[in-house]
Every structure is written in structure tokens, then in C-alpha cells.
Amino acid sequence: MHHELYLADVTATKDRMGAPTPEPRNAAEYLRRFNANEKIDGFGIGNVHIHMPCPFCAAPEFMVFEVLQTEQAMMKGATCKECGRGARAQIRKDAAGTSFEILQTAGPDQPEWLTPKMRRIQT
Ligand SMILES: [Zn+2]
């Protein structure tokens, strides 16, 4: 996922505790659900948790991790309780810098409207 997505607009998190939303049927619904379900809570270094929605259907609590553990959590990945798809990040560091890619590890194919597509890997 993109850093700017979950670091954006932290102050609005308390307005986001709405009713659960259904699985999205298009990109606009996905974005709306993703924004509603991404949260950051806690105070102080080492105690701030990121609640990351599912990268496929934006269901809440796909991953919850400490800000300082972001890289480890992303590389470990998770599986969505709602759509059954799994994902993990692949981080490559070389002379050109750090590249970051989300890979699908489990579950059904991604919905047609979801772009860019994440590559699949076998685990
Ligand atoms: Zn999902």
C-alpha cells in the first residue's frame, strides 16, 4: 500500500467509526471503504498502531501493526477474513533504492475493477 494513504488525514480517524460497509463493487466504493477502514491509533513512538484494510476488498483490520514494525509486518503479510485473499509485500533494496511491491498469496482472483493488479506468488 502507499504510505500517503495511511498517513493521510490522521485527525479524521475518529469520524470513521461507521457501520460496516459491504464488499465494494467498483473502484470508487473500494477507495471509500479503504479510507473509512484505515486507522492509526495510540500515542508515542512504539505505541502507535496502523490498522490497514484489505488491499483487495478494503475490509477492516487486514493487518494491525506498530509503525516501527511496518516493514516486518508488510513482509509477513496477512489473509483477509472477509474475501479470503492474502497479500504480503516484497521489498527489494539495491543501488537504485528501495522498491516495494504487494503480492497476492492466496484467495480468489482480484476483482476486474481493481488496478493496478497485484502479481500472484505461490507460498
Ligand atoms: Zn479482503
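These numbers come from a predicted model, not from an experiment.

(A) The nonpolar core, seen in detail. Membership of the largest hydrophobic core comes to 13 residues, with the highest contact counts inside it found for Cys54, Cys57, Ala58, Ala59, Phe62 and Cys80. The set of elements that each furnish at least two residues to this core consists of α2 (27–37) and β2 (49–52). Among all residues touching Phe62, those that are not within four sequence positions of it are Met52, Pro53, Cys54, Ala78 and Cys80.

(B) Layout of the sheet that holds strand β7 (residues 119–120). Ordered by their spatial adjacency, 4 strands build an open sheet running β4-β5-β6-β7, and the pairing between neighbours is mixed. Both edges of this open sheet fall to β4 (78–79) and β7, since each of them pairs with a single strand only. Here strand β6 (residues 97–106) runs beside β7; their pairing, made up of 2 bridges, is parallel. Directly across from Gln104, in β7, lies its bridge partner Arg120.

Conventions and cut-offs
Residues numbered from 1 in each chain as written. Predicted model: local features only at pLDDT ≥ 70, side-chain atom pairs only at ≥ 80, totals over all residues. Core = buried A, V, L, I, M, F, W, Y, C linked by C-beta atoms within 7 Å. Buried ≥ 20, exposed ≤ 12 C-beta atoms within 10 Å, placed from the backbone. Helix = DSSP H or I, 4+ residues; strand = E, 2+ residues; numbered from the N terminus. Contact = placed C-beta atoms within 7 Å. Pairing = 2+ DSSP bridges.

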